[in-house]
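Here is how the chains run, residue by residue.
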Amino acid sequence: SKAWAFGGVSGYSVVLDTAKRIWVSGGNGNGNLGLGHLADLNAFAMPAGTFQGSVAAVVGGGRSGYRALYVLTEAGDLWAAGYGSNAQLATDHATRPAVRNLFARVALPGRPAGVASVSIIPNTIDGHWGIAARTVDGALYVSGANASGELGVGHLQSIDGFERVV
C-alpha cells in the first residue's frame with residue numbers, strides 16, 4: 001500500500017491500500033475526511049464513494065480550519081470533500097458555509113471525465129488555496145481563491161467551479 005501523510009498544519013492522514021481504496025484518519029472539522037460528519041478520528045475509516053476501488057491519486061490541501069481532500073480515479077473522475085468557502089471544492093457553492101462532509105464528484109465544464117492530474121495551488125498569505133486540474137488532452141482548469149491573481153485567469157475573483165486557463 002501507499003500512504004500520504006498530510007500532517008503538520010493539515011492534521012490528517014490518508015492511506016491508499018492495494019485494492020485502490022482510501023482510508024482516512026485525523027482532523028475532520030471541515031468534513032474533509034468525507035465520512036458524513038465533522039468529528040475528528042483517531043483510527044482509520046473508509047469513506048463511502050463509488051470511487052473506492054479505482055483511486056489513482058489523492059491530494060490534500062489547506063491548514064487547520066481550511067482543509068479539503070481530492071480523489072482522482074483511474075477513469076479521470078475527480079471527487080472532493082471538505083472546506084470550500086473560497087471555492088476550493090469547485091462545486092459551485094462558495095457561499096459560506098461551504099463545507100461538504102461527503103465526497104461529491106467535481107466536473108470540468110463540458111467534460112464528463114478525463115482529468116489526468118490534480119494539484120493544490122497554495123496561498124500562504126491567508127491560508128486559502130486553489131486547485132488545478134489537467135485533462136488528458138493537456139487543458140488546464142483552475143478553481144479556488146484568487147485574490148492575488150494566483151490562478152492566472154486574468155482577474156482577481158475567486159472561481160467557484162472550474163475555469164479553463166489554457
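Enquirer: Looking at this model, I keep getting lost on the overall build of the chain. Mind explaining?
Expert: Counting secondary structure elements, the chain contains zero helices and 12 strands. Across the 166 residues in the chain, those meeting the buried criterion constitute 48%. Summed over all atoms, the accessible surface of the chain reaches about 7,200 Å², with 55% contributed by carbon and sulfur.

Enquirer: Can you walk me through the side chain of N146 in this structure?
Expert: Secondary-structure assignment places N146 in the loop between β11 (140-144) and β12 (159-164). Taking the relative accessible area as the measure of exposure, N146 reaches 0% and is therefore buried. Within the local environment of N146, its side chain forms a polar contact with the backbone oxygen of H155, the two atoms lying 2.8 Å apart. With residues near it in sequence (within four places) discarded, N146 still touches L151, G152, V153, H155, L156, Q157 and S158.

Enquirer: For this particular structure, what's the right way to read the packing of aromatic side chains?
Expert: Given two aromatic rings, their pairing is described by the distance between the two centres and the angle made by the two planes. What the rule picks out here adds up to two aromatic pairs. Taking the centre distance of 5.4 Å and the plane angle of 55° together, the rings of F51 and W79 count as tilted. One end of the pair, F51, is in the loop between β4 (41-45) and β5 (55-63); the other, W79, is in strand β7 (residues 78-83), with 28 residues separating them in the sequence. Arranged with centres 5.0 Å apart and planes meeting at 70°, the rings of F51 and F103 form a pair that is edge-to-face.

Enquirer: Quick question: what am I supposed to make of the side chain of N28 here?
Expert: With respect to the helices and strands, the residue N28 is situated in the loop between β3 (22-26) and β4. Separated by 2.9 Å, the side chain of N28 and the backbone oxygen of H37 make a polar contact. If we skip the residues at most four places from it in the chain, N28 touches L33, G34, H37, L38, A39, D40 and R67.

Enquirer: How do you make sense of the nonpolar core when you look at a structure like this?
Expert: Counting residues in hydrophobic clusters, the biggest one holds 17 residues, and the most contacted among them are Y70, L78, L108, V115, V118 and F162. Taken together, the elements giving at least two residues each to this core come down to β6 (66-73), β7, β9 (115-122) and β10 (129-135). If you look at the next biggest cluster of nonpolar residues, it comprises 14 residues, including L33, V58, V71 and W79.

How each quantity is defined
- Along each chain, the written sequence defines residue order, and numbers are assigned to residues from 1.
- Local features are withheld for residues below a pLDDT of 70 in this predicted model, meaning they are given only at 70 or higher, and side-chain atom pairs are given and counted only at 80 or more; totals for whole chains, interfaces and linings count all residues.
- Only hydrogens and water are removed before side-chain values are computed, so all heavy atoms of the structure are retained for them.
- A helix here means a DSSP run of H or I that spans at least four residues, while a strand means a run of E at least two residues long, and both kinds are numbered starting from the N terminus.
- Throughout, exposure labels follow a simple rule: accessible area from a 1.4 Å probe, protein chains only, divided by the maximum for the residue type, with under 20% read as buried, over 50% as exposed, and the rest as partly exposed.
- Areas reported as accessible are Shrake-Rupley estimates using a 1.4 Å probe. Residue values count occlusion only from the protein chains shown.
- Any pair of nitrogen or oxygen atoms within 3.5 Å is treated as a polar contact; in protein, a donor-acceptor pairing is required on top of that, and neighbouring residues in sequence qualify only through side-chain atoms on both sides.
- What makes two residues a contact is simply this: any of their non-hydrogen atoms within 4.5 Å.
- Ring pairs shown here join Phe, Tyr and Trp side chains whose ring centres sit within 6.5 Å, with only the six-membered ring taken for Trp; geometry is labelled stacked below 30 degrees between planes, edge-to-face above 60, and tilted in between.
- The criterion is simple. A nonpolar core is a set of buried Ala, Val, Leu, Ile, Met, Phe, Trp, Tyr and Cys residues joined through side-chain atoms within 4.5 Å.

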